[in-house]
Amino acid sequence: MSERFVIHLPVVANDLLSAQRLARVVAHWTHVLPQTEPGGATVSREDDQNVRHWVFCDRIMDGGRRCLLRPDHEGACSRRPRRR
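Residues numbered from 1 in each chain as written. Predicted model: local features only at pLDDT ≥ 70, side-chain atom pairs only at ≥ 80, totals over all residues. Heavy atoms only, no water.

Chemist: What's the story with the nonpolar core in this structure? I'm lost.
Modeler: The tendency in soluble globular proteins is for nonpolar side chains to be buried side by side. One finds Ala19, Ala23, Ala27, Ala41, Val43, Val55, Phe56 and Leu68 forming the largest nonpolar core, which totals eight residues. Counting residues per element, this core draws most heavily on helix 1 (residues 16–30), at three residues. (Core = buried A, V, L, I, M, F, W, Y, C linked by side-chain atoms within 4.5 Å. Buried < 20%, exposed > 50% of the residue type's maximum accessible area, 1.4 Å probe, protein only. Helix = DSSP H or I, 4+ residues; strand = E, 2+ residues; numbered from the N terminus.)

Chemist: Looking at this model, I keep getting lost on helix 1. Mind explaining?
Modeler: Each full turn of the α-helix corresponds to 3.6 residues, which orients residues three or four apart in the same direction. Between its terminal C-alpha atoms helix 1 stretches 21 Å, which fits the 21 Å expected from 15 residues at 1.5 Å a residue. The inward-facing, buried residues of helix 1 abut strand 1 (42–45) and strand 2 (48–54). At the N-terminal end of helix 1, a side-chain oxygen is found 3.2 Å from the backbone nitrogen of Leu17, two or three residues along, and the residue is Asp15. (Expected span 1.5 Å × (residues − 1). Contact = heavy atoms within 4.5 Å. Polar contact = N/O pair within 3.5 Å; in protein donor to acceptor, adjacent residues only side chain to side chain.)

Chemist: When you look at the side chain of Ser78 in this model, what are you seeing that I'm missing?
Modeler: Its place among the elements puts Ser78 in the segment after strand 2. The buried category is assigned to Ser78, whose relative accessible area is 19%. For Ser78, the residues in contact, after removing those within four places along its chain, are Met61, Cys67, Leu68 and Leu69.

Chemist: What exactly am I supposed to notice about the pairing of strand 2 here?
Modeler: Along any regular strand, the residues point their side chains to alternate faces of the sheet. Examined bridge by bridge, strand 1 and strand 2 share four bridges and lie antiparallel to one another. When the bridges of strand 2 are listed, Thr42 appears paired with Trp54. Count of turn residues in the strand 1/strand 2 antiparallel hairpin: two residues. (Pairing = 2+ DSSP bridges.)

Chemist: Explain the side chain of Gln20 here, please?
Modeler: In this structure, Gln20 sits in helix 1. Discounting chain neighbours no more than four positions away, the residues touching Gln20 are Val43, His53, Trp54 and Val55.

Keep in mind these numbers describe shape, not what the thing actually does.
Below is the structure:
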């Protein structure tokens, strides 16, 4: 069993896209803390928290960090988000 703990911070949004967008903002903001891994962020329905939706691409890159692009991105993975 791991000695690490995960913090679950409920934040409410009205739909999946809004939840993913808000989670991306929060995850990017927390990147200044060395304890965070923003690429591992997921969202779920409040009443079905076992079904999680990735906020970022779930591929692991060199160095063990996750890609910070959207889950359905095209092209190579990146640690820098692409601006639309």
